[in-house]
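# Structure at a glance
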Amino acid sequence: MKLVRYTMLCLALTAAASTARAQEEKTEDTTVVSTETKKKVSYHFHIYAPPKPGKGYVTAGGNGPLLSFANVKNNDEHVRNIPRFTIFFNIGTNYNYDFNNNIGIFSGLNIKNIGLITKPTDNVKLKQRVYTLGVPVGFKIGDLRSGTFLFFGGEYDMAFNYKEKYFLDGDKKSKFNEWFSDRTDLFMPSLFAGFRFGPAFGIKGQYYLNNFFNKDYTETIDGVKTQPYKDLKANLMFVTLSYNFGIRKHEKTKTTTTTEYRKGTKVIIEKRTEITD
């Protein structure tokens, strides 16, 4: 019996020692975690207004995804074509000046990817596009403080890169691109109108006044001069989801950098990092 009692006592002491050691290790782990520095990263969505009327300001924006249409004729006969959708690269920067809270003007620089897809026959498909650099001049009428307004104007584009793809029975047979090609007019005038329905986004339609193709273009194939676009006429238009984000303007001093905005129509996403103990 004494042996049993001694055995039970030893087991009890061993269990108590193990429990105490485990609690000590847990306490040490908790202390280590509590002394580590934690960082909390959060993103805040702010809406700001442009400066008060009478001051110019710059915004980053332009055309978003473009859905293009074309009215194409060959010898006055309609040529079947397919709406063309493109996302890249359509970017721009605008300079704005507001006379008051309801009327303003803007201009800027915009790069666009415009073109058309035609099917001259059932088994032939052509994709033809140009990259252009455009200068718009437009007017804004509405509530410029809240970002809800009508805008309209004209734009003059310069075509700087032409690309063409030829498909036969669904297979791509050839493609090429040319810088400052004579296949299209160098300058392309257009008219546009749209509506801004929120702080940053709107919808816009744009129509090109001239023929997409240069009818006088001449090329030599196997020693024979031809004019592939002599009888072609194509007028383009597109619809786009336009955007207009504000660019922050900082005022720097020797020790601090400050930014002043009023609540309204510029959209800015701010990243914050907080250190917690």
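To be clear, the structure that these remarks concern was listed above.
Figured I'd write up the structure that's included with this text. (Residues numbered from 1 in each chain as written. Predicted model: local features only at pLDDT ≥ 70, side-chain atom pairs only at ≥ 80, totals over all residues. Heavy atoms only, no water.)

The subject of this paragraph is the overall build of the protein. What the protein contains, in helices and strands, is one helix and 20 strands. When each of the 277 residues of the protein is scored for burial, the buried share is 35%. Taking as baseline every contact in the protein between residues at least 6 positions apart, the subset at least 24 positions apart corresponds to 67%. (Helix = DSSP H or I, 4+ residues; strand = E, 2+ residues; numbered from the N terminus. Buried < 20%, exposed > 50% of the residue type's maximum accessible area, 1.4 Å probe, protein only. Contact = heavy atoms within 4.5 Å.)

With 20 bridges joining them, strand E9 (residues 124-143) and strand E10 (residues 148-168) adopt antiparallel strand pairing. When the sheet's bridge partners are listed, Lys-140 is paired in E10 with Phe-151. Inspection of the sheet shows E10 paired to strand E11 (residues 171-179) by eight bridges, in the antiparallel sense. When the bridges of E11 are listed, Tyr-162 appears paired with Glu-178. In this antiparallel pair of consecutive strands, E10 and E11, the connection spans two residues, and Asp-169 shows a positive phi of 55°. (Pairing = 2+ DSSP bridges.)

Right, let's get into unusual backbone geometry. The omega angle of the peptide bond from Phe-88 to Phe-89 is -20°, so this bond is cis rather than trans. The backbone phi angle of Asn-75 is positive, close to 55°, even though this residue is not glycine. The residue Asn-75 is located in the loop between strand E3 (66-74) and strand E4 (77-78) in this model.

Turning our eyes to something else, we now look at the layout of surface pockets. Considered as a void within the structure, the second largest pocket measures approximately 250 Å³ in volume. As for the second largest pocket, its lining consists of 17 residues, and the residues nearest its centre are Leu-126, Gln-128, Pro-228, Tyr-229 and Leu-232. Elements with a minimum of two residues in the lining of the second largest pocket: E3, strand E8 (103-121), E9 and strand E14 (219-221). (1 Å grid on protein atoms, 1.4 Å probe; cavity = no way out; pocket = protein on both sides within 12 Å on 5 of 7 lines; lining within 4 Å. Points joined across faces, edges and corners; volume = space filled by probe spheres on them.)

What follows deals with the nonpolar core. Generally speaking, soluble globular proteins have nonpolar side chains that are buried together. Counting residues in each nonpolar core, the largest one holds 19 residues, and the members touching the most others are Ile-114, Leu-116 and Phe-212. Counting residues per element, this core draws most heavily on strand E16 (residues 232-246), which supplies four residues. Those residues in contact with Leu-116 that sit more than four places away from it in its chain are Ala-70, Val-72, Arg-84, Leu-126, Lys-127, Gln-128, Phe-212, Phe-213, Ala-234 and Leu-236. Residues Phe-106, Leu-144, Phe-149 and Phe-192 belong to the second largest nonpolar core, which totals five residues. (Core = buried A, V, L, I, M, F, W, Y, C linked by side-chain atoms within 4.5 Å.)

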